[in-house]
Amino acid sequence: MEISLKDRDKVGVQDAVLLEDFNSSEVFVNNLQKRFNENLIYTNIGPVLVSVNPYKDVGIYSSQYAKEFHKKHFFETTPHIFALTDTAYRSLIEENREQCILISGESGAGKTEASKKVLQYIAEVTGSKGQVEKVKNKLFQSNPVLEAFGNAKTSRNDNSSRFGKYMDVEFDYEGNPVGGNILNYLLEKSRVINQFNGERNFHIFYQLLAGASDTMLNDLLLKRNLESYYYLSHSQKGTCNKEKSAFEELNKALTIIEFTAEEQIDIFKIIASILHLGNIGFVEEEGIASVNNNESIDAVCKLLNCDKEELKNALTHKTIDAKGDVVTSPLDRETAIYARDALAKAIYDKLFTWLVQKINSSLQANTQRKNSVIGILDIYGFEIFQKNNFEQLCINFCNEKLQQLFIDLTLKQEQQEYLKEGIEWHNIDYFDNKIICDLFEMKFKGIISIMDEECLVPGNTNDLTLLKKLNKNLQGHKHFKGFNKMLKKQMKFENNEFQVIHYAGPVVYSVKTFIEKNNDLLFRDLRYAMSNSQHSIIKNIFPKSEVMSMRLPETAFTKFKKSVNDLMKILIDKEPNYIRCIKPNDDKRPSFFDVDIVSHQVTYLGLMENLRVRRAGFAYRRSYESFLKRYKCLCKQTWPHWHGNAKDGVQQLICSLGFENDEYKMGKTKIFIRYPKSLFQTEDAFQRKKHDLVSVIKATWKGYKQRQEYRKLKLASIVVQKWYRRYQAQKAIKRRKAAVETVRRFIKGFITRNGPETEINKKFVALAKKHWLIRLSKNLPNSVLIKYWPPHPVSCNEASKLIQHYHMLHLSRIYRKNLTAERKQQFELKVLAEKLFSVNGHKKSYKNSIPQWFKNERIPSEQEEAYKLFSKSLNGERIMYSTSAVKYDRHGYKARDRILIATTKHVYIIETKGNSYTQKHGLPLNVVNLLVTAQKDKVLLVQIPEEMIKKDKGDLILEIPQLIECVTKIVSFTKNENMLSVVDEKVIEHNMKGKPGIIEVTVGNPETIQKDKPTGHLLIRATP
Ligand SMILES: Nc1ncnc2c1ncn2[C@@H]1O[C@H](COP(=O)(O)OP(=O)(O)OP(=O)(O)O)[C@@H](O)[C@H]1O
Ligand SMILES: [Mg+2]
């Protein structure tokens, strides 16, 4: 509701309790008009909904639209019939309070449409399971049936309901409709026989004639021609196509509501019989009437399955049973016509009631459980015409009763709310129409009693005697005015009229036909004839028991009063919801608001009274929570958050708004504001404040959205992170597993590395090989002299050896290539020495010679000159080696210093003295042999062949300081390795010119070479 407060000047207030001047009907109507012009056809008066018929589709009843109202508080939405229905429905379901929706208003104001919308909303918001859907369907389909038989075109409404209807919709505990029940009130049966200009009989007659097939019409003995039937001939003709489709719809509906095919035919037979009945004419002879056309009466009897003579008699005679004296008297023509019409009306009226009962039995919920109920009352509102009749009196009486109920319930509600909220209750000044209800209902003195009395007393009573009686009995009553000759000039009515001052205003009634209508007489003979019928429905609706009963039948008004009172009993236990319908003009014109016509209805619907009662207390009330929620921004203390309880918050707010004490009251859960003005000021302040707040809210909202976005992103990134970490962890695990596997394989490979190659050690061995090769490549000895060779895996034994071998070859090659010619020669000599003294024979002193450089010359300096001199004498013979030496004589083994010179061809032994020399020996190298011992001595035995002994006296025994060097040199340039022998013997013979000398070789210290005197042998003692 508050939402629309800001638009209130343009579209009016949506709740009339907010109108500042609540006493002015002009202001009220003006508010309705403003809204009507904006197509806002609904306005609230508190919980009462006022609906102005738009006479056009305003597009506010779609399913989509209905959803907007579902489960919304009545005050949160705009005024709408869906909002009202939703409130009622939710009170029923959530609080288990039975509801009724009271729809009233003038003919054409939209009551029936409203009741359909209520049903539509219920259908929208409830379930659609099989059984529920079926019930809903039946509830909906009851409408075309009731409308066909109970509605008619009138001057005010093309589809005017000519009966009052109260429909209960039953709900199960889940809130789904499970059944229904309909009560019907006061069908305008006079319409069957007579219609005003421009009006029509009930729709069914036209629908049947237009829609029935030819065969059916034949069976019903009907012609497709309205003019043929007296009861229709005066009425306005309708469009055929519309009637035809309506008839189809009716048949469908009847089937859905479970009328059997026979029942449907029987119903149409009754409708047809009424048309034929109207055509029965009478002639009068000497005051006695008789039927003048047999064709119609035949048709009636055939259709209703009754006896022709009996019916004929019943139509023209009247039997009176006066305390046992049964008297039958003929009727005059006028009475016979009256009797015929009465029969037609009675049949139609009873048929209608039977139809309602039939619908009810189909709608009965098939559970024993007590279901909760929403009642929908679609009943004629207060009526005031130029001429007001018996029907208007009934209707207006009914409205007085409904107003009573309204006052009772509204005030009671208001009072209860105040009590509940702990607010002091001040008596509200309102008009209590109980006095008018009493005017009708008082025993003996009330209008109804007086009318009944006048109908029932024997003798000549008529409408005027009734009026007299009314005048007499009610003359002093404040709300009754009878015709008074004395006051005639002041009276605006005639002498057959009286006036009742209703709560909604004065209404003048004409008593004409009051008695007849109240009596509602159907002669006993006709009732009897009907009860004898074999027609399944007729015999049912005219039960024999009723005909036989001696009790006087109740008058129409009394019957109506009773049913109204029963209705009140039903309604009083329910929570009421009011829909007050208004028509904007008399011409069914869309978008045209006739202020006079609306004002008239506002008055007669008692809306100003509604408003006054509502406003007598407080114009506005709202729970503290919702009030605070909307207006808290108007007070520093409550904005943006109020942390205390809502009531204290509202108190703060109200204080800061500067409300006067009499402007508001604080209830237990609600604030009550007395004047709309205070609310408007608050609202206006709110609207102004709103603009300031918008930017704050916008910023906050943006911040909030951003935060949300950020949170979302953060969450998303955490998810991504999580997944990525998971992925990484999985990868790491895989890696570790693989590593473990590799290590394990490595270890196993390591353990079995020295065994034969298997799958297990294959890789390790390959790796070991690789690493060994790499290691080896870095640690290869870089000199042939380094004996270190890197260790190798077992599997590389062979390879290692080969590589070592080749590497050594390689190093040697390099070594060799890098050797100087001189060094090369040295090595060749060393190799030769190795061969001579280590391989071919073993000379112990050989090892010591290895590191010593072989020289070509070892001549002491004092002998140098002599040596040079000798070398010049050599005649081109090249000296290859020369050294000092000691020569031991062959006999005495006397030691003598000499020089040994080896040339390419000879070995010379010379003796030097100063710078001169003496050649002692010159032996050709190709004939001599050389002999050395295996010990460390330095003795060289030069063996001279026998043929040369003569000249040289025997083998030469020499001691040479560098024995190994000397011998190696000589062998090298002679290239005769065989000339040397290394002998490992203790005794060596040497040739001394034909006789042998003995050399004994011993080991010991010191090293000596001398003659052993006793043996005469040369004794060589070599160091060990
Ligand atoms: N809410 C609405 N929207 C559009 N048209 C409507 C609405 N209510 C009523 N009407 C129109 O007004 C006509 C009369 O309405 P309806 O038959 O409901 O009146 P009523 O109050 O039931 O009259 P009566 O007392 O004669 O039965 C409808 O046929 C329809 O054309
Ligand atoms: Mg209606």
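Residues numbered from 1 in each chain as written. Chains lettered and ligands numbered in written order. Predicted model: local features only at pLDDT ≥ 70, side-chain atom pairs only at ≥ 80, totals over all residues. Heavy atoms only, no water.

Overview of the packing of aromatic side chains
Geometrically, a pair of aromatic rings is defined through the distance of the ring centres and the angle of the planes.
1) Next: Evaluated as defined, the whole model comprises 37 aromatic pairs.
2) Next: Judged by centre distance (6.0 Å) and plane angle (65 degrees), the rings of Phe-659 and Tyr-664 are edge-to-face.
3) Next: Look at Tyr-664 and you get buried, because its relative accessible area is 10%.
4) Next: Here the basic side chain of Arg-200 rests over the ring of Tyr-206, its NZ or CZ set 3.9 Å away from the ring centre.
5) Next: Over the ring of Phe-750 we find Arg-753; its NZ or CZ atom is 4.0 Å from the centre of that ring. (Phe/Tyr/Trp six-rings, centres within 6.5 Å; stacked < 30°, edge-to-face > 60°. Buried < 20%, exposed > 50% of the residue type's maximum accessible area, 1.4 Å probe, protein only. Lys NZ or Arg CZ within 6 Å of the ring centre and 35° of its normal.)

Some details on the site of ligand 1
1) Next: Taken together, 17 residues lie around ligand 1, and Ser-107, Lys-111, Thr-112, Ser-160 and Ser-161 are the ones closest in.
2) Next: Between Asn-157 and ligand 1, the recorded distance is 2.9 Å, taken from a side-chain N or O atom to an oxygen atom.
3) Next: When ligand 1 is considered free in solution it has 620 Å² of accessible area, and contact with the protein chains removes 84% of it.
4) Next: Mapped by element, the contributors of at least two residues to the shell around ligand 1 are α5 (111-125) and β5 (160-161).
5) Next: The element best represented in the shell around ligand 1 is α5, accounting for three residues.
6) Next: For the shell around ligand 1, the residue count by class is four nonpolar, nine polar and four charged. (Near = heavy atom within 4 Å. Polar contact = N/O pair within 3.5 Å; in protein donor to acceptor, adjacent residues only side chain to side chain. Areas by Shrake-Rupley, 256 points an atom, 1.4 Å probe, with all protein chains shown as cover. Helix = DSSP H or I, 4+ residues; strand = E, 2+ residues; numbered from the N terminus. Nonpolar A, V, L, I, M, F, W, Y, C, P; charged D, E, K, R; others polar.)

Observations regarding the coordination of the magnesium ion (ligand 2)
For a metal with four tetrahedral donors the ideal donor-metal-donor angle is 109.5 degrees, whereas six octahedral donors ideally subtend 90 or 180 degrees.
1) Next: Here the magnesium ion (ligand 2) is held by the protein donor atoms Thr-112 (OG1) and Ser-161 (OG), which lie 1.8 to 2.0 Å from it. A residue pair is termed long-range when its members are at least 10 positions apart, and Thr-112 in helix α5 and Ser-161 in strand β5 qualify at 49 residues. Neither Thr-112 nor Ser-161 differs from the other in exposure class; each is buried. (Donors = N, O, S within 2.8 Å, 3.2 Å for Na, K, Ca; no water.)

Considerations on the packing of α5 against helix α6 (residues 130-150)
1) Next: Orientation of α5 relative to α6, taken along the N-to-C sense of each, is 165 degrees, at an axis distance of 10 Å. One finds that α5 runs roughly antiparallel with respect to α6. Relative to α6, α5 is oriented so that their crossing is left-handed. Residues Thr-112, Lys-116, Leu-119, Gln-120 and Ala-123 of α5 touch α6, and the partners they reach there are Lys-136, Leu-139, Phe-140, Asn-143 and Glu-147.
2) Next: In terms of residue class, the contact of α5 with α6 is built from four nonpolar, three polar and three charged. (Axes fitted to C-alpha atoms, helices over the stretch in contact; angles between N-to-C directions. Parallel < 35°, antiparallel > 145°, perpendicular 65-115°, else oblique. Left-handed = near helix turned anticlockwise from the far one by under 90°. Contact = heavy atoms within 4.5 Å.)

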